[in-house]
Protein chains: 2
Amino acid sequence: MKSLKQVFRISCGLFLIVSLTACAVSQTGPDPLPSWIDGPSKQRIVDFVNNVSNSDGNDFVPANERIATFDNDGTLWSEKPTYFQLMFFMDRVKTMAADHPEWRTTQPFQAVLENDMESLHEAGEHGLIELAMATHAGMTIGEFETIVNDWLATARHPTTGQPFNSMVYQPMLELMDYLRVNDFKVFIVSGGGLEFMRPWTEAVYGIPPDQVIGSSIETRYEVKNGKPVIVRLPELHFVDDKDTKPIAINRFIGRRPILAAGNSDGDFEMLEWTTSSDGPRLGLIVHHTDAEREWAYDRESSEGRLDRGLDEADQRGWLLVDMARDWQVIYPYQVVE
Amino acid sequence: MKSLKQVFRISCGLFLIVSLTACAVSQTGPDPLPSWIDGPSKQRIVDFVNNVSNSDGNDFVPANERIATFDNDGTLWSEKPTYFQLMFFMDRVKTMAADHPEWRTTQPFQAVLENDMESLHEAGEHGLIELAMATHAGMTIGEFETIVNDWLATARHPTTGQPFNSMVYQPMLELMDYLRVNDFKVFIVSGGGLEFMRPWTEAVYGIPPDQVIGSSIETRYEVKNGKPVIVRLPELHFVDDKDTKPIAINRFIGRRPILAAGNSDGDFEMLEWTTSSDGPRLGLIVHHTDAEREWAYDRESSEGRLDRGLDEADQRGWLLVDMARDWQVIYPYQVVE
């Protein structure tokens, strides 16, 4: 027969093993970032989130200050062969062309109708704005939302054949979920149109409309036959790019993020603003290195050009995510259960 | 001896009584609006919140669509003898006057330095904007935040002797808490300055900076000696008043509120926009009727003028809250525990 002391020791030992196991499980849990390949990039993200969430640590950040901002084009979804919103412009121009015979001989409309991407690129930002005004204004906000939803439901990407909002990055969806589980408030800060993104960001990214910041056109409040409407006007209100991203962050959020993610030099100032303050900060750049599964481009690309960011990421301590090396899969439809 | 049947009956009866009591308690719970006097106004609010939160009812609204917008001046805090931000302007002008001898003979600065409210009112909106530009621009956003915090910590209201942000309405604090408990997302949509409100709205109202919408000036992003700053410029960006309130709601929130609260004709369009859509909607106007405990004013007031709203509240189904009749107390510091 075992002595009472022995029984006590065995029980205590078992208790300890059970406790430690429970403890280990609760600390690691299921992998919150299964589409991220184990390695330094993933580790850096996990360490950052653990540190700011640990109320006993030196890097603790109160939950209400855990603000994270994400660029959209090239950071949360693809942007090749060209920005998806530009493909939306082009489809709109083609749909509306019957009512605008003059477009057949007027740039940049002619370029769109002839799928002449070279002339379209030559038209530059000014040309894009002209297209935006012609196709995005002159209707109520409700009518525009319907147009966006209809387009997303029917349009397909030229190379993958997928709906455009299926071409979002699975690892970034996991990252945003992981941040939210750890009480971060996650925002989009994009050069894309505010009202082009809002109809679908909540369903696809879990980001509600009031946490979407982007470029916008002017609107007017009108009461027509007793019914108020908000009408979209052919006049630019705000372009959310480069140095205006911190401006927009301050105007819409009113607090400096502690994490910012982008993929191009258009995000440089957002990362700079985010990471040049005291306390723990994470700047993250998605580097498009995967010609096989997505696209490979940086310094020479007309979409998502990444040049200065590539040069300075290291010295600024920004995490350069290598899509080919760091990501298990690219799109949600590639995930094998 | 009692028969088994009797015992069973008694137990069941007791069980039923206990259950029903528990049930009644859990349905009513502690009063979520103790500073609202029982009556039709309070009942209408409670019914509205119950209806939109009841997933079995016809008026159910999914939690992510439960958006509520509140004006600030005269709706969440007092605005007499004049707007608190104007009193801040005036204190700033007096503080800065030593460096601006020309102000002694230039309007509207002279009016401020001489406490000449009549000339100040005559200077109108243009005068106010001039004061705002002179006192609110030319510093970084961080420096301005410090100025606001310092002012709130030291300035006192001329008649109550209270810090300005103590003069918030206890019944409205309870209403905002009650809405949040029922999964509403609560926003401020005010004509006041965005960055004048944000330093204190989270502590006082429970509203984080990104849920504060207001008037704003232009800002510029600059990197000074390697350190980025956002500088406030003497140029108006946006005035959030009347028909621009729905514009701002659409731009910042991107969703139509189901509840809006204001107190003046500056909130008319916000209430109109909120309540002229299908589904359950609540428009609420705080009517200043209490000359004894706060102030009594409406159609003739230069602050918070309420004229059209008073005429049309009834036909539009807006709830006119009568401060004198509906509120048990006005300010938190009057609450007797």
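Here we summarise the structure given alongside this text.

What counts, and where the lines are drawn
Residues numbered from 1 in each chain as written. Chains lettered and ligands numbered in written order. Predicted model: local features only at pLDDT ≥ 70, side-chain atom pairs only at ≥ 80, totals over all residues. Heavy atoms only, no water. Least-squares fit on C-alpha atoms with pLDDT ≥ 70 in both. Contact = heavy atoms within 4.5 Å. Axes fitted to C-alpha atoms, helices over the stretch in contact; angles between N-to-C directions. Helix = DSSP H or I, 4+ residues; strand = E, 2+ residues; numbered from the N terminus. Parallel < 35°, antiparallel > 145°, perpendicular 65-115°, else oblique. Nonpolar A, V, L, I, M, F, W, Y, C, P; charged D, E, K, R; others polar. Pairing = 2+ DSSP bridges. Salt bridge = Lys/Arg side-chain N within 4 Å of Asp/Glu carboxyl O. Buried < 20%, exposed > 50% of the residue type's maximum accessible area, 1.4 Å probe, protein only.

## Regarding the relation of the copies chain B and chain A
Aligned on chain A, chain B shows an RMSD of 0.0 Å; the corresponding rotation is 180° and the shift along the axis is 0.0 Å. A rotation of that kind, with that shift, is consistent with a two-fold axis. Distance from the rotation axis, computed per C-alpha, reaches its smallest value in chain B at Phe252(B): 3.5 Å. Of all interface residues in chain B, 100% are interface residues in chain A too; the two copies therefore contact each other through one and the same surface.

## Points about the packing of helix H9 (residues 244-252) of chain A against helix H8 (residues 194-205) of chain B
The interhelical angle for the contact between H9(A) and H8(B), taken along N-to-C directions, is 60°, at an axis separation of 10 Å. Taken together, the axes of H9(A) and H8(B) lie oblique to each other. Within the contact between the two elements, H9(A) uses Asn250(A), Arg251(A) and Phe252(A) and H8(B) uses Leu194(B), Glu195(B) and Arg198(B). Looking at the contact of H9(A) with H8(B) residue by residue, the class counts come to two nonpolar, one polar and three charged.

## Looking at the sheet that holds strand E1 (residues 67-70) of chain B
Residue and element names in this part refer to chain B. Reading across from one edge, E4-E3-E2-E1-E5-E6-E7 is the order of the seven strands in this open sheet, with mixed pairing throughout. Looking at which strands have only one partner, the edges of the open sheet turn out to be strand E4 (227-238) and strand E7 (319-322). For this sheet, the mean inter-axis angle between neighbouring strands, taken without regard to orientation, is 30°.

## A word on the pattern of salt bridges
Oppositely charged side chains can form a pair if their charged atoms are brought close together. Tallied over the entire structure, the rule returns 42 salt bridges over all chains. The salt bridge involving Glu303(B) is made with Lys80(B); its shortest N-O contact spans 2.8 Å. Of this pair, Glu303(B) sits in the loop between strand E6 (282-287) and helix H11 (308-316) while Lys80(B) is found in the loop between E1 and helix H3 (84-96), placing the two residues 223 residues apart along the sequence. Among the residues examined, Glu303(B) registers a relative accessible area of 2% and is labelled buried. A residue is classified by how much of its surface remains accessible, and Lys80(B), at 13% relative accessible area, is buried. A salt bridge links Arg305(B) to Asp307(B), with the shortest nitrogen-to-oxygen separation between them at 3.8 Å. Classification of Arg305(B) as partly exposed rests on a relative accessible area of 44%. On the basis of relative accessible area, Asp307(B) is assigned to the partly exposed category, the value being 24%. It is possible to trace a salt-bridge network through shared partners that takes in Glu272(A), Arg308(A), Glu312(A) and Arg316(A).

## Examining unusual backbone geometry
Pro81(A) follows Lys80(A) through a cis peptide bond whose omega is 5°. In this fold, Pro81(A) is placed in the loop between strand E1 (67-70) and helix H3 (84-96). Of note, the bond from Gln107(B) into Pro108(B) is cis; its omega dihedral lies within 30 degrees of zero at 5°. At Asp183(A), a residue that is not glycine, the phi angle is positive and equals roughly 65°. In this structure, Asp183(A) sits in the loop between helix H7 (170-181) and strand E2 (185-193). Overall, the relative accessible area of 48% leaves Asp183(A) in the partly exposed class. Residues other than glycine seldom take positive phi values, yet Asn225(B) does so here, at roughly 50°. Assignment of secondary structure puts Asn225(B) in the loop between strand E3 (212-224) and E4. For Asn225(B), a relative accessible area of 84% gives the class exposed.

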